[in-house]
Structure formats: C-alpha cells, structure tokens
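Observations on the model geometry
Each chain, letter by letter, is given below.
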Amino acid sequence: MIKISFQTFGCKLNFSETTSILSHIEGIETVSVKDADIHIIHSCTVTEHAEKKCRQAIRHAATVNPDVNIIVMGCYSQLRPEEIEDLPNVVLICGNESKFKLGEYINDFKIKKEVTEKVHNDNPQQFLFHPSVSSSARTRTFLKIQDGCDYFCTYCAVPYARGRSRSDTTENTMRQVKEAVVSGTKEIVISGVNIGDFGRKNGEDLYGLLKEMCEIDGLERIRISSIEPNLLETRILELAVEKNIVMPHFHIPLQAGTDKILKLMKRHYDTRFFADKVNEVKRFMPDACIAVDLITGFPGENDSDFMDTLSFIKSIPLSYLHIFSYSDRPDALASKYPEKVSNETIIERSHLLHELSAEMMETFTASFRGKKRKVLFETRNQAGKWTGWTDNYIRVEYASDENLRNKIIEVAVN
Ligand code: SF4
C-alpha cells in the first residue's frame, strides 16, 4: 500500500476531479501529510494568490515530512510547470490531461521508486472530456458535466489551462445521474467551467439534460453550480418552476457593473441584459437566491466606474457577492492592458464590496427567518445540531434526536 495525502485548491470541478482520480488508483491508503509517501496537490491558477497558496503548500509539505514525494497537477502546473519544478520534493508535475493517468505514474513509482518523466506538458488541443463525480457525506453529489471554455474573457486563464469547451453526451451523463440516485443521493450539483455550454458540440444542450434529469425517480434536487447569464435560458427557468426540482439558487458571474468594463473584459452581455436576466429569474422564482461573481480592480476601472458598479449592484435583487481581486494572468489579454489599479485601491474596493455583500446576505436571510423551507440535512455540527441547505441556499441548523442525515424536511429558517 502506498500512503497518500492530498490537497485540492480552486473550484468545485477540481474537488470532484480529485475524488474521481484517487478513486481509480488501487493500493493506496489515505493518511495525513506527515505520514505520507506521496503528497498530491491539485492546483489552481485563477488568481496570483491561488498560485502562491500552491507554492506554500509544497514548501509546507516538504517541511512537515522531508521524505515525502510531491506530485502537483491541474491548472497551475498546466500553465507554469517551470515555477514548480525546482520546489522542494516535487517529483512529478501533471497538466490537465496527464493528471487522469496518475494511477499509472504512481504504480510506476511504486516499482521503480522514481518517475520516468518529471514534467508532463499537456497540449490543450488534445484534451479529452473526463467525467468525474464526488459526493459530500453521500447526500449531495457533485457531477462534472462540462469542461474547458471558448469565451476567452480578457482577465481569465481558464481557457488556456483547461482547453476548449467540451462535454459528455446526455446519455453518458444520465448514466452517472442514475448511479448517484441509486447510491442514495438526493441532490445533484452539476458543475463545469461553462456549464451552459453543455452539449453544444454534440448537438445537445443543458435544457435537454435538465429535462431528462427531472424525470429520474428519487432525484429530489438539482443545483446548477454556476451559469453564464447569456446561457440561463428562459425555458430553463420555466422547467425549474414546472418540475420544482431545479433549485431556486443561481450563481451568475457578473464580473463588473459598468458596460465600459464589461466590454474591456469581452463579456457576452451588458448591464441592461444582466439586470433583465436577474429580474426575470425573480419573476419566475421570487424566493430565488442569486449570487454573482465580481472582479474588483480590473485595469481601467476608475473611481466613478467603481461607484457605478456599487449603484448597479444595489439596483438589482441580488442575495450576495463572490468578490475577486483582479490580478494579471500572464496568458490573458488584460495583463497587457494599461491603467492598472493599485493594490491599495483594490483592497479598499474589495473591503467595501465585502461589507455590501454581508448586508445583502443578511437582508436575504432575514426575509425568510421563521418561515418554513425544505432543507436537505447532511451532518451534525459540534453543537450536535443537524445542518443543511434550504432549496434557496440558506444554511440551517436544527435540533433533533432523530437521524436526519440525507433527509429533506420542512423546517423554519433560523
Ligand atoms: S466564461 Fe470567461 S471567466 Fe468563465 S471560464 Fe470562460 S473565459 Fe473564464
């Protein structure tokens, strides 16, 4: 048995891929890093900070266990293996294709105590679609349905790291859905890089997949982990209301609150379209939770742009914000843009946005306090209370002596 420890950074996709990749490797035992023969790091490149965390994790692992062999895989190692290669104890670097062959390399290592090739530079043009699925406490299943992206937003490194948009067929995806439901899962969270682009290159689409998923007996909840505003079609909202299985919770990347910056980002909509889409969601599902991604400090964003962004956010019914501080991605176009915003200003703006988001979240949650919502209970917290998410993504605690794990019951929001 080889003793393995692992760390995953980044998006839900990375987490479900780590679970899938490790589940296909035989003869391994999961331990803590200090006892491990091999420590695996699934890296992220979405921000400079994410890459720094990956380098820190490598040095930390080598410090707590000087004999450990470190494998780094994923987006950061796909784009800049040279920044990782000479870090302590790193023996293998895999990009976003070769990571799916980790079992072979580990078997190799088991026999030879060394790897044949240290750095695997993968060609994004040759990336395949690799399904992956993971579950949290076997209540919610995270199902990867799509990978890569063709949008090339000017701040984003993902298309360079994960390649062009691709997805599995509806038939194969439905097979995984049925397996998850048979294994007892009540909620499936569909994940990907640009989920709304599912099936486009196979002549299929997300609406068709959701329609089939809604017919599966035993599947009580479908959660869309994130979707581009221009791909959240009206018929998807109609289906969500008709079938009452697609959860009233939408994570929709906005990124900026002015048309000037959205244009510089090469996003596929303007503020008018975005506001109309948010209001449409609320017309169909008044209790829906709508969270948006927002980048602060994009090159060229001046004080009045920022003030306009704050006013735009306050003008539409949002529930909370995911805030990212802009950082140059070497592969992305915006890294060459002039008018960079200073770090102090980015920190200041990010602080103001976090304050606003906390107020929005409190207003949203307070509007449901004391009212009954369906909750999928997952685990007990330290206080012994059961915890879970409502349909519209509010975290709820509930005291009960009964075993509520994987049960959906209506309780008052607290
Ligand atoms: S849609 Fe834009 S931000 Fe999202 S992964 Fe694609 S390029 Fe990146």
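Residues numbered from 1 in each chain as written. Predicted model: local features only at pLDDT ≥ 70, side-chain atom pairs only at ≥ 80, totals over all residues. Heavy atoms only, no water.

What about the nonpolar core?
- In terms of nonpolar packing, the biggest core is built from 68 residues, with Leu206 and Met213 touching the most fellow members.
- Tallying contributions element by element places helix H7 (residues 206-213) first for this core, with five residues.
- Excluding residues that lie within four positions of it along the chain, Leu206 makes contacts with Ile145, Ile190, Ile195, Gly196, Phe198, Ile227 and Ile236.
- Ala36, Val72, Tyr76 and Val119 belong to the second largest nonpolar core, which has 21 residues in total. (Core = buried A, V, L, I, M, F, W, Y, C linked by side-chain atoms within 4.5 Å. Buried < 20%, exposed > 50% of the residue type's maximum accessible area, 1.4 Å probe, protein only. Helix = DSSP H or I, 4+ residues; strand = E, 2+ residues; numbered from the N terminus. Contact = heavy atoms within 4.5 Å.)

Examining the side chain of Arg80
- Tracing the backbone through its elements, the reader meets Arg80 in the loop between helix H3 (75-79) and strand E5 (90-94).
- If we skip the residues at most four places from it in the chain, Arg80 touches Thr45, Glu51, Arg329, Pro330 and Asp331.

Examining the site of the ligand
- As a structural note, the neighbourhood of the ligand is formed by Cys149, Tyr151, Phe152, Cys153, Tyr155, Cys156, Val158, Pro159, Val193, Glu228 and Arg267.
- Partitioned by chemical class, the residues of the shell around the ligand number nine nonpolar, no polar and two charged. (Near = heavy atom within 4 Å. Nonpolar A, V, L, I, M, F, W, Y, C, P; charged D, E, K, R; others polar.)

Here's the deal with the sheet that holds strand E2 (residues 28-30)
- Strand order in the open sheet formed by six strands is E2-E1-E3-E4-E5-E6, and the pairing between neighbours is parallel. At either end of the open sheet lies a strand with only one pairing partner, and these are E2 and strand E6 (119-120).
- Alignment of strand E1 (residues 2-8) against E2, held across three bridges, turns out to be parallel. From the neighbouring strand, Ile4 faces E2, where its bridge partner is Thr30. (Pairing = 2+ DSSP bridges.)

Things to note about the pairing of strand E14 (residues 289-296)
- In terms of burial, E14 is a largely internal element, eight of the eight residues being buried.
- Judged by which residues are buried, E14 turns out to be covered on both faces: Cys289, Ala291, Asp293 and Ile295 on one side and Ile290, Val292, Leu294 and Thr296 on the other are all buried.
- Of the pairings in the sheet, the one linking strand E13 (residues 249-255) to E14 comprises six bridges and is parallel in character. When the sheet's bridge partners are listed, His249 is paired in E14 with Cys289.
- Examined bridge by bridge, E14 and strand E15 (residues 320-325) share six bridges and lie parallel to one another. The residue of E15 that forms the bridge with Ala291 is Tyr320.

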